Amino acid sequence: MEQFEYHVDGMTCDHCERRVAAEVGTVHGVEHVTADASTGLVVVTADHRPDRDAIAEAVDEAGYELTRG
């Protein structure tokens, strides 16, 4: 398993973290997700780098914006 980092704008609280983690967790190949509102960092654990467009779509579905990763 490898870890991949993504930066997300708009997360401000625990609820935001849970919402982003839940949506990103549905992306094919993602095994585990942690989100940190204080840094805007989302860390994904997966066998291979997940499709960036799929991650961006999941972040968008949660109501936030993928800025880097």
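Our subject is the structure that appears above.
Quantities reported herein were computed from a predicted structural model and do not represent experimental measurements. (Residues numbered from 1 in each chain as written. Predicted model: local features only at pLDDT ≥ 70, side-chain atom pairs only at ≥ 80, totals over all residues. Heavy atoms only, no water.)

**Some remarks on the overall build of the protein chain**
Here comes step 1: What the protein chain contains, in helices and strands, is 2 helices and 4 strands.
Here comes step 2: What you see for the protein chain is a C-alpha radius of gyration of 10 Å, in line with the 11 Å of a compact globule of 69 residues.
Here comes step 3: By element, 42% of the accessible surface of the protein chain is carried by carbon and sulfur atoms, the whole surface being about 4200 Å².
Here comes step 4: Counting 5 positive and 15 negative side-chain charges, the protein chain places the averaged centre of each group 4 Å from the other. (Helix = DSSP H or I, 4+ residues; strand = E, 2+ residues; numbered from the N terminus. Rg over C-alpha atoms; globule rule 2.2 N^0.38 Å. Areas by Shrake-Rupley, 256 points an atom, 1.4 Å probe, with all protein chains shown as cover. Lys, Arg positive; Asp, Glu negative; His and termini not counted. Charge placed at Lys NZ, Arg CZ, Asp CG, Glu CD.)

**A short note on the side chain of Thr45**
Here comes step 1: Structurally, Thr45 is set in strand S3 (residues 41-46).
Here comes step 2: Classification of Thr45 as buried rests on a relative accessible area of 14%.
Here comes step 3: Setting aside its immediate chain neighbours within four residues, Thr45 contacts Met1, Glu2, Gln3, Gly29, Val30, Glu31 and His32. (Buried < 20%, exposed > 50% of the residue type's maximum accessible area, 1.4 Å probe, protein only. Contact = heavy atoms within 4.5 Å.)

**Notes on helix H2 (residues 52-62)**
Here comes step 1: Taken residue by residue, H2 has Ile55, Ala58, Val59 and Ala62 as its buried positions. Buried residues in H2, looked at end-on, bunch into an arc of 100°, giving them a common side. Opposite the packed face of H2, turned more than 90 degrees from it, sit the exposed residues Asp53, Glu57, Asp60 and Glu61.
Here comes step 2: Buried residues belonging to H2 abut strand S1 (2-9), helix H1 (14-24), strand S2 (30-36) and strand S4 (65-68).
Here comes step 3: Trailing H2 by a residue or two, Gly63 shows a phi angle of about 100°, which is positive. (Arc of directions from axis to C-beta.)

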